[in-house]
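The lines below spell out each chain.
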Amino acid sequence: MKVELLLKKLVDKLDLVNQKLDSLIELNEKILKTQEEFLRAGSDKNHFGTELKLEPDVMSLLSLPSSLRKTAMVLLKLEKATAEDLARETKRLRPVESAYANQLVRMGYLSKKREGREVYFYIESPMEIRK
Amino acid sequence: MRKKVLSIHSSRGGTGKTVIATNLAAIYAIKGLNVALLDLDFRAPSLVDVFSKGIREPVRHWLNDFLDGRCKAEQALTDVSKAYGLKGKLLLGLANPAIEAIRNTMEKSRAWEVTAVKKLFSLRSTLFDNMDIDCCIIDTSPGFQYTSINAVVSSDISVVIATLDSLELKALRNMLVELYDAFAKRTVVLINKVFPETRAWSSEKQKNLISKMEKVLKHPVIGVVPCYCDVLQAKRTSLLAVDMPFHPFLRNLEEVAEKLGSINEKNAEEDVFCKAKL
């Protein structure tokens, strides 16, 4: 009877070890996957596997080409805008603004999201990114 | 006057930015316009001292608090119109002079600066749309500093205060190209503290000086203000537009105020001053 009890305890412990090993294997797989994503995306991704965001502060804007700087400045003012909103402010053509805004998204200065039929460009609050 | 934000900036310190900013604000408020005057010189706050006679209650919220998200824009503004007997409103956004606050500003991250410039744009909407303000004047810190560039970016017109010091003119020329032209800002230069003898000059001679400076700086010069010993010697707490309203310094500044009011920042073709200059 006593041996049976000991064996049961041993099996329980082994189960626990097994569960922990499974968790470790799962975690290791996640790490490997993230590393692969990071290597594939090069400098476009950071080590958390998320899009790398740059802060469009005024000093950084000074280093941008004037065409892109104009779009970024309008977004600082409007906070959130479609390519059409941007074009209205900059007095450039909508497809031109769309191209510039998308370039700023690729560079990591802006984010974009779809709301219904409209695509909005915006500056993600860097303070929130940090949190 | 069309609603506008004016940033008062310079390439170096000691050009008289604060005296110009405070008195321009007072001139507009005396005329009956509602004005907001913001102190964005967080490293060397001065408006709290200049207006010490008019600030009757302890300041609860500073402009620092608004930019840090600790209070609303309305809470960070102190009304001094009654204290100075002004026809229009004069609201002050004061920078906190406490050493801890200054140190805190110096430690701000780039992320904070992005939030700050966005808050300055939102403040502009609050002032113009909700608080019936006609003109917002921002007194900045000199040179290339985050807060001053934030102020320049969020303003409609940048008024650059310069003196005839050759070293300063060189730095100014660089700043005009590297900063103002880069941000495509409507910029005018005001030459301050010009030799006292220019007071006796004919208007033609003064115009020649302006045109010479415009050629050097490649930007419109909105006025030339001669140096007055009594202005330099006046106490920091003296608001000249109120205390010495008939002083020739104020007459010079009133002309500048009128020209600034006529500038249409949206359309260069329409504005009276820049059309003649550009």
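Values in this document were obtained by computation on a predicted structure and should not be read as measured data.

## Digging into the packing of helix α3 (residues 66–78) of chain A against helix α4 (residues 83–90) of chain A
Each pair of packed helices can be summarised by the angle the axes make with each other and by the distance between the axes.
Residues and elements named next belong to chain A.
Now for step 1: The N-to-C vectors of α3 and α4 enclose an angle of 105 degrees; their axes lie 10 Å apart at closest approach. Put simply, α3 runs roughly perpendicular to α4. Between α3, through K70, T71, V74 and L78, and α4, the contact on the second element is made entirely by D85, L86, E89 and T90.
Now for step 2: Taken together, the residues of the contact of α3 with α4 sort by class into three nonpolar, two polar and three charged.

## Here's the deal with the nonpolar core
Now for step 1: Of all hydrophobic cores here, the largest spans 101 residues; its most connected members are A25, V35, L37, I137 and L190 of chain B.
Now for step 2: What V35 of chain B contacts, discounting residues up to four positions off in sequence, is A25, Y28, A29, G88, K89, L90, I133, D134, C135 and I137 of chain B.

## Notes on the sheet that holds strand β2 (residues 111–115) of chain A
Now for step 1: Pairing in this open sheet of three strands is antiparallel, and the strands run β1-β3-β2 (chain A) from one edge to the other. Lying at the two open borders of the sheet, with one neighbouring strand each, are β1 (80–81) and β2 of chain A.

## So, the confidence of the model for chain B
Residue and element names in this part refer to chain B.
Now for step 1: Across chain B, the average pLDDT comes to 88, with 95% of residues at or above 70.
Now for step 2: Mean pLDDT across the elements of chain B bottoms out in helix α12 (residues 272–277) (47) and peaks in strand β2 (residues 35–39) (97).
Now for step 3: Low pLDDT, under 50, characterises residues 267–273; the stretch is placed with twelve contacts to residues that sit more than four places away or in other chains.
Now for step 4: Across the interface, the model reports ipTM at 0.77; the global pTM reads 0.80.

## Notes on the packing of helix α5 (residues 110–130) of chain B against helix α6 (residues 146–154) of chain B
All names here are of chain B.
Now for step 1: Two elements in contact, α5 and α6, have axes separated by 10 Å at closest approach and are oriented at 35 degrees. Seen along the crossing, α5 lies across α6 with a hand that is right-handed. Side by side, α5 and α6 meet where E113, A116, V117, L120, F121 and R124 of the first sit next to Y146, N150, V153 and S154 of the second.
Now for step 2: Residue composition of the contact of α5 with α6, by class: six nonpolar, two polar and two charged.

## A closer look at the pairing of strand β6 (residues 157–162) of chain B
Residue and element names in this part refer to chain B.
Now for step 1: Most of β6 is tucked away, with six of its six residues classed as buried.
Now for step 2: Burial along β6 is two-sided: I157, V159 and I161 facing one way and S158, V160 and A162 facing the other are all buried.
Now for step 3: The sheet contact formed by strand β1 (residues 4–9) and β6 spans four bridges and is parallel. Bridging across to β6, L6 finds its partner in I157.
Now for step 4: Looking at chain direction, β6 and strand β7 (residues 186–194) are connected through six bridges and run parallel. Its bridge partner being in β7, I161 is matched across the sheet by L190.
Now for step 5: Taken together, β6, helix α7 (residues 166–181) and β7 constitute a β-α-β crossover, and its handedness is right-handed.

## Quick look at the environment of G143 of chain B
Residues and elements named next belong to chain B.
Now for step 1: Tracing the sequence through the fold places G143 in the loop between β5 (135–139) and α6.
Now for step 2: With 15 C-beta atoms packed within 10 Å, G143 lands in the partly exposed category.
Now for step 3: In this structure, the C-alpha to C-alpha distance between G143 and K17, residues 126 residues apart in sequence, is 12 Å.
Now for step 4: In contact with G143, other than residues within four places in its own chain, are S11, R12 and S148.

Reading guide: rules and limits
Residues numbered from 1 in each chain as written. Chains lettered and ligands numbered in written order. Predicted model: local features only at pLDDT ≥ 70, side-chain atom pairs only at ≥ 80, totals over all residues. Axes fitted to C-alpha atoms, helices over the stretch in contact; angles between N-to-C directions. Helix = DSSP H or I, 4+ residues; strand = E, 2+ residues; numbered from the N terminus. Parallel < 35°, antiparallel > 145°, perpendicular 65-115°, else oblique. Contact = placed C-beta atoms within 7 Å. Nonpolar A, V, L, I, M, F, W, Y, C, P; charged D, E, K, R; others polar. Core = buried A, V, L, I, M, F, W, Y, C linked by C-beta atoms within 7 Å. Buried ≥ 20, exposed ≤ 12 C-beta atoms within 10 Å, placed from the backbone. Pairing = 2+ DSSP bridges. pLDDT = per-residue confidence, 0-100. Left-handed = near helix turned anticlockwise from the far one by under 90°. Right-handed = clockwise from strand over helix to strand, strands pointing away.

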